[in-house]
Amino acid sequence: EETGTPIIPGEVPILMGSAILANARLFVTGRYHPSIMAATGGTPCVFLRADSHKTLSIQRMLGYEDPHVFSAVPTPDEHDAILARGRELLAGGQQIRTRIQQEAARCAEEAKELATLVNGP
C-alpha cells in the first residue's frame, strides 16, 4: 500500500488472474504457474527463488537471455539489480513480449504432443 504496487490477491478467480498476468507490463514472482499464465500474453517476469529449480528452468524454456533468479526475500544489495532487470525487460518492448508469447505457445504445442504419446492418438 505504501508504494502503490499492485498485488493480485490469492482469492482472484483463476481466469481473471490469468488475464491480469497475461496483460501486465511486468511481473515479479517466485511462483511457477503464475509465470506460465503471464507468458501466455508475453508478460516478462523478474524471477525470485522458490523451493525448486522451476523459476530458472521456465526462463530457459521461454528463451530469456541471461536467466537469473534473485533471492526469495531479496537483500538490500539485490534491490537495484531487480529494478535494473525489470527496466531491461520493459525496454525490450513488444519484441520481448512477442518472443515470450511465441515460446509459450511452442511449449503448449509440445505439451499437447506429449499427451498424445501418453494417451494415444
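Structure report, in brief. (Residues numbered from 1 in each chain as written. Predicted model: local features only at pLDDT ≥ 70, side-chain atom pairs only at ≥ 80, totals over all residues. Heavy atoms only, no water.)

**Considerations on the packing of helix α2 (residues 32-39) against helix α3 (residues 54-61)**
So, step 1. Two numbers describe how α2 lies on α3: the axes approach to 10 Å, and their chain directions differ by 20°. One finds that α2 runs roughly parallel with respect to α3. The element α2 and its partner α3 pack so that their crossing is right-handed. Each of Y32, S35 and I36 in α2 lies in contact with α3, whose residues at this interface are K54, I58 and M61.
So, step 2. Among the residues forming the contact of α2 with α3, the class breakdown is four nonpolar, one polar and one charged. (Axes fitted to C-alpha atoms, helices over the stretch in contact; angles between N-to-C directions. Helix = DSSP H or I, 4+ residues; strand = E, 2+ residues; numbered from the N terminus. Parallel < 35°, antiparallel > 145°, perpendicular 65-115°, else oblique. Left-handed = near helix turned anticlockwise from the far one by under 90°. Contact = heavy atoms within 4.5 Å. Nonpolar A, V, L, I, M, F, W, Y, C, P; charged D, E, K, R; others polar.)

**Focus: the sheet that holds strand β1 (residues 27-29)**
Sheet strands pair via backbone hydrogen bonds, and the direction of the pair is either parallel or antiparallel.
So, step 1. On the basis of which strands lie adjacent, the open sheet formed by three strands has the order β1-β2-β3 and parallel pairing. At either margin of the open sheet sits one strand with a lone partner, and together these are β1 and β3 (69-70).
So, step 2. Sheet analysis places strand β2 (residues 45-48) next to β3, joined by two bridges and oriented parallel. Its bridge partner lying in β3, L48 is registered against F70.
So, step 3. In this fold helix α4 (residues 76-91) packs onto β2 and β3, with an angle of close to 150° to the strand it touches most, β2. (Pairing = 2+ DSSP bridges.)

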